[in-house]
Amino acid sequence: MAHFDHITEDNIVQLVDRFYEEIRQDSLLGPIFQRVIGDQWDQHMPKMYAFWSSVMLKTGRYKGRPVPTHMKIGPLEPQHFTHWLALFRHVAESLFVKDVAAQFVSKSEMIAESLQLAIFRSKALEGGIDLAGWKKPLS
C-alpha cells in the first residue's frame, strides 16, 4: 500500500480506524478501552475522527473536553501512555510518508504529555502518587 503524502479527512478516518483496531486487540490497552467504551464504539469513533481532524486540519469539529474524560477512566499509569504512543506511532508510520507520520506523532506526544500532566498532577494533589520520579515517556 502506498503511504499518504498529505493529511485529509479520509486518511484521518483510516488512521483512527486502524489505530483503534490495534487498541482493541492489545493486551494492555484493550481491556481499559473495553471497560470504558464497551459496545459504544459507534459513538466513540466519530468523536475521534473529529478530534484528529481538529488537531491536524484545524477544522474545529471536536467539541469535547479530553482531560476530564480521561481523568474519569480509572487507573492510568505512565506505561499506558508510553504503550499508546508506540501503537500510534506504528500505525501512523504504516499509513503516511515519514514527514507526515512525524506530524501525527509529534501531536500525539504533546497530547499524551498534557493528559499525563493533568491526570498525575491531580493524583499527586490528592496524595495518591509521588511525581518526583515521573518522566516524560520516551518516543
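In this report, we go over the structure that sits alongside the text.

Thresholds, definitions, all that
- Residues numbered from 1 in each chain as written.
- Predicted model: local features only at pLDDT ≥ 70, side-chain atom pairs only at ≥ 80, totals over all residues.
- Heavy atoms only, no water.
- Helix = DSSP H or I, 4+ residues; strand = E, 2+ residues; numbered from the N terminus.
- Buried < 20%, exposed > 50% of the residue type's maximum accessible area, 1.4 Å probe, protein only.
- Contact = heavy atoms within 4.5 Å.
- Areas by Shrake-Rupley, 256 points an atom, 1.4 Å probe, with all protein chains shown as cover.
- Salt bridge = Lys/Arg side-chain N within 4 Å of Asp/Glu carboxyl O.
- Core = buried A, V, L, I, M, F, W, Y, C linked by side-chain atoms within 4.5 Å.
- Phe/Tyr/Trp six-rings, centres within 6.5 Å; stacked < 30°, edge-to-face > 60°.
- Axes fitted to C-alpha atoms, helices over the stretch in contact; angles between N-to-C directions.
- Parallel < 35°, antiparallel > 145°, perpendicular 65-115°, else oblique.
- Left-handed = near helix turned anticlockwise from the far one by under 90°.
- Nonpolar A, V, L, I, M, F, W, Y, C, P; charged D, E, K, R; others polar.

As a further point, take the overall build of the protein chain. When helices and strands are tallied, the protein chain shows six helices and zero strands. Written out in order from the N terminus, the α and β elements of the protein chain read α-α-α-α-α-α. Looking at the protein chain as a whole, 37% of its 139 residues are labelled buried. Put simply, 73% of the contacts in the protein chain that link residues at least 6 apart link residues at least 24 apart. Accessible surface for the protein chain amounts to roughly 8,200 Å². Of this, 55% is attributable to carbon and sulfur atoms.

Another point: the pattern of salt bridges. Within this structure, the stated rule accounts for three salt bridges. Between Arg61 and Glu9 there is a salt bridge; the shortest N-O distance is 2.7 Å. Of this pair, Arg61 sits in the loop between helix 3 (41–57) and helix 4 (66–71) while Glu9 sits in helix 1 (residues 9–25); the two residues are 52 residues apart in sequence, bridging distant segments of the chain. You can call Arg61 partly exposed: its relative accessible area is 39%.

Another aspect to go through is the nonpolar core. Tyr20, Trp52, Trp84 and Phe104 are the most contacted members of the largest nonpolar core, which totals 38 residues. Elements that contribute at least two residues to this core include exactly helix 1, helix 2 (30–37), helix 3, helix 5 (78–95) and helix 6 (98–125). Setting aside residues no more than four positions away along its own chain, Tyr20 makes contact with Phe33, Trp41, His44, Met45 and Met48.

Where two aromatic rings form a pair, the distance of their centres and the angle of their planes describe that pair. Summed over the entire model, instances satisfying the criterion amount to 14 aromatic pairs. Residues Phe33 and Trp41 carry aromatic rings whose centres are separated by 6.3 Å and whose planes lie at 20 degrees to one another, so their mutual orientation is stacked. A relative accessible area of 16% places Phe33 in the buried class. Owing to a relative accessible area of 7%, Trp41 belongs among the buried residues under this scheme. Ring centres of Phe51 and Trp52 lie 5.4 Å apart, and the angle between their planes is 90 degrees; this geometry places the pair in the edge-to-face category.

In this section: the packing of helix 1 against helix 3. Where helix 1 meets helix 3, the closest approach of the two axes is 9 Å, and the angle between their N-to-C directions is 130 degrees. The pairing of helix 1 with helix 3 is recorded here as oblique in orientation. Helix 1 and helix 3 meet at a crossing whose hand is right-handed. From helix 1, Glu9, Ile12, Val13, Val16, Asp17, Tyr20 and Arg24 reach across to helix 3, where they touch Trp41, His44, Met45, Met48, Tyr49, Trp52, Ser53, Met56 and Leu57. Residue composition of the contact of helix 1 with helix 3, grouped by class: 11 nonpolar, two polar and three charged.

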